[in-house]
Amino acid sequence: MRQEPEEILNQFKERLLSYIGVKVELFKLDAYERIAKIIAILSHSLILMLLSLFLILFLFFTLAFFLGELFNRTYIGFFIVACIYLLLFIIAYRMKKRIQTGIMNMIIGAIQEKEEEEDNDETHDLSGNEQPTATNDTTATTDRR
């Protein structure tokens, strides 16, 4: 029951192509998952920013009306609040790089934190015991709680 070299090579070729196909599919699924995580994080952040915007807007309206009552002129209250907004705009414009870097670091940190949580979840089975994983010295370790 000896196989011919051509038949062995054909089987090897088929298995290799199948393996490559599976690897490509796995890469695609991993990319889809990462994109979905990024979109979820950005969507959540956008919702929080919009809610914060409305909160700040109504707080400044309240401040404008309060200052208007204080000075007996509503327009003075709104003028003072407009000056505060202008000052905040100038500060934000001058700190553009810091703000961009901070936002990028926050997003990257959130993505990495999410991946670390999922990696930790994958290494634990249903009973709460850690599944054996290979370490640098290729020995398996378990964590019993």
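Please read these numbers as outputs of a predicted model, since none were measured by experiment. (Residues numbered from 1 in each chain as written. Predicted model: local features only at pLDDT ≥ 70, side-chain atom pairs only at ≥ 80, totals over all residues. Heavy atoms only, no water.)

**Regarding the overall build of the protein**
At step 1: The number of helices and strands found in the protein is three helices and two strands.
At step 2: Its helices and strands taken in sequence order, the protein reads α-α-α-β-β from the N to the C terminus.
At step 3: When each of the 145 residues of the protein is scored for burial, the buried share is 6%.
At step 4: In the protein, the proportion of contacts linking residues at least 24 apart, taken out of those at least 6 apart, comes to 26%. (Helix = DSSP H or I, 4+ residues; strand = E, 2+ residues; numbered from the N terminus. Buried < 20%, exposed > 50% of the residue type's maximum accessible area, 1.4 Å probe, protein only. Contact = heavy atoms within 4.5 Å.)

**Here we look at the layout of surface pockets**
At step 1: Empty space within the largest pocket amounts to approximately 560 Å³.
At step 2: In this structure, the largest pocket is lined by 19 residues; those nearest its centre are S45, L48, M49, I103 and M106.
At step 3: Listed by contribution, the elements that provide at least two residues to the lining of the largest pocket are α1 (5–71), α2 (74–94) and α3 (96–122).
At step 4: Per element, the largest residue contribution to the lining of the largest pocket is eleven residues, and it comes from α1.
At step 5: Each residue belonging to the lining of the largest pocket can be placed in one class, and the counts come to 15 nonpolar, three polar and one charged. (1 Å grid on protein atoms, 1.4 Å probe; cavity = no way out; pocket = protein on both sides within 12 Å on 5 of 7 lines; lining within 4 Å. Points joined across faces, edges and corners; volume = space filled by probe spheres on them. Nonpolar A, V, L, I, M, F, W, Y, C, P; charged D, E, K, R; others polar.)

**Focus on the confidence of the model for the protein**
At step 1: Across the protein, pLDDT averages 83, with 82% of residues at or above 70.
At step 2: Within the protein, the element-level pLDDT minimum falls on strand β2 (residues 140–141), averaging 44, and the maximum on α2, averaging 95.
At step 3: Contacts of residues 132–145 to residues separated by more than four positions or lying in other chains number 17 contacts, the stretch itself having pLDDT below 50. (pLDDT = per-residue confidence, 0-100.)

**Points about unusual backbone geometry**
Glycine aside, the phi torsion of most residues is negative, and most peptide linkages are trans.
At step 1: The backbone phi angle of N72 is positive, close to 60°, even though this residue is not glycine.
At step 2: Mapping N72 onto the fold places it in the loop between α1 and α2.

**Considerations on the packing of aromatic side chains**
At step 1: Per the stated rule, a full pass over the model turns up four aromatic pairs.
At step 2: When the ring of F60 is compared with that of Y85, the centres are 4.6 Å apart and the planes differ by 40°; the resulting orientation is tilted. Here Y85 lies in helix α2 and F60 lies in helix α1, a separation of 25 residues in the sequence.
At step 3: Overall, F60 belongs to the buried group, its relative accessible area being 16%. (Phe/Tyr/Trp six-rings, centres within 6.5 Å; stacked < 30°, edge-to-face > 60°.)

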